[in-house]
Amino acid sequence: QVQLVESGGGLVQAGGSLRLSCAASGHTFSALTLGWFRQAPGKEREFVAGTSWSPGATYYSDSVKGRFAISRDNTKNMVYLQMNVLKPEDTAVYYCCAATSRWDRPTTQYDYPYWGQGTQVTVAS
């Protein structure tokens, strides 16, 4: 069973930056496929970014490509989401998630069995 705990959310002005962190436990971290999703009020949960177990393999939604960066530290069992040039439409609860035994780049919430509790990100205009 994989446990995930996010941190780092908050309030930021448009154009600013935030870094979200997610600590994982309960499984060999280097073998996990990890992702970030977000959910705004009244909207469905949407994929933001992912990183597979293959070193350096990252992938993004079109809405954040070039502004957000996902990274992982296999020595600390941590995954990060660096968010730059934030926009009001980035306001949402952000969730860290994980999957095991994946050899692809999953982008739907149904591909990830394990989820953190979420952290709120609010971008003021």
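Each remark here, short or long, concerns the structure printed above.
Residues numbered from 1 in each chain as written. Predicted model: local features only at pLDDT ≥ 70, side-chain atom pairs only at ≥ 80, totals over all residues. Heavy atoms only, no water.

Some details on the overall build of the protein chain
What the protein chain contains, in helices and strands, is zero helices and 11 strands. Listing every helix and strand of the protein chain by position from the N terminus yields β-β-β-β-β-β-β-β-β-β-β. Computed over the C-alpha atoms, the radius of gyration of the protein chain is 13 Å, within 12% of the 14 Å expected from 2.2 N^0.38 for a compact globule of 125 residues. When the backbone C-alpha atoms are referred to their principal axes, the protein chain occupies close to 40 × 30 × 25 Å. Residues counted as buried form 44% of the 125 residues belonging to the protein chain. At a minimum sequence separation of 6, the contacts of the protein chain that also span at least 24 residues come to 59%. Surface summary for the protein chain: the accessible area is close to 6,200 Å², and the carbon and sulfur share equals 50%. Positive and negative side-chain charges in the protein chain, numbering 11 and 9 respectively, have mean positions lying 4 Å apart. (Helix = DSSP H or I, 4+ residues; strand = E, 2+ residues; numbered from the N terminus. Rg over C-alpha atoms; globule rule 2.2 N^0.38 Å. Buried < 20%, exposed > 50% of the residue type's maximum accessible area, 1.4 Å probe, protein only. Contact = heavy atoms within 4.5 Å. Areas by Shrake-Rupley, 256 points an atom, 1.4 Å probe, with all protein chains shown as cover. Lys, Arg positive; Asp, Glu negative; His and termini not counted. Charge placed at Lys NZ, Arg CZ, Asp CG, Glu CD.)

Topic: the sheet that holds strand β8 (residues 78–83)
Strand order across the open sheet formed by four strands is β1-β3-β8-β7, with antiparallel pairing between neighbours. A single partner strand is all that each edge strand has here, and the edge strands are β1 (3–7) and β7 (68–73). Averaged over all pairs of adjacent strands, the angle between strand axes in this sheet comes to 15°, irrespective of strand direction. (Pairing = 2+ DSSP bridges. Axes fitted to C-alpha atoms, helices over the stretch in contact; angles between N-to-C directions.)

Examining the state of the cysteines
Scanning the entire structure with this criterion turns up one disulfide. Disulfide partner of C22: C96, at an S-S distance of 2.2 Å. Disulfide C22-C96: the torsion about the S-S bond is -80°, which places it as left-handed. One end of the pair, C22, is in strand β3 (residues 18–25); the other, C96, is in strand β9 (residues 92–99), with 74 residues separating them in the sequence. One exposure class covers both C22 and C96, and it is buried. (Disulfide = S-S within 2.5 Å.)

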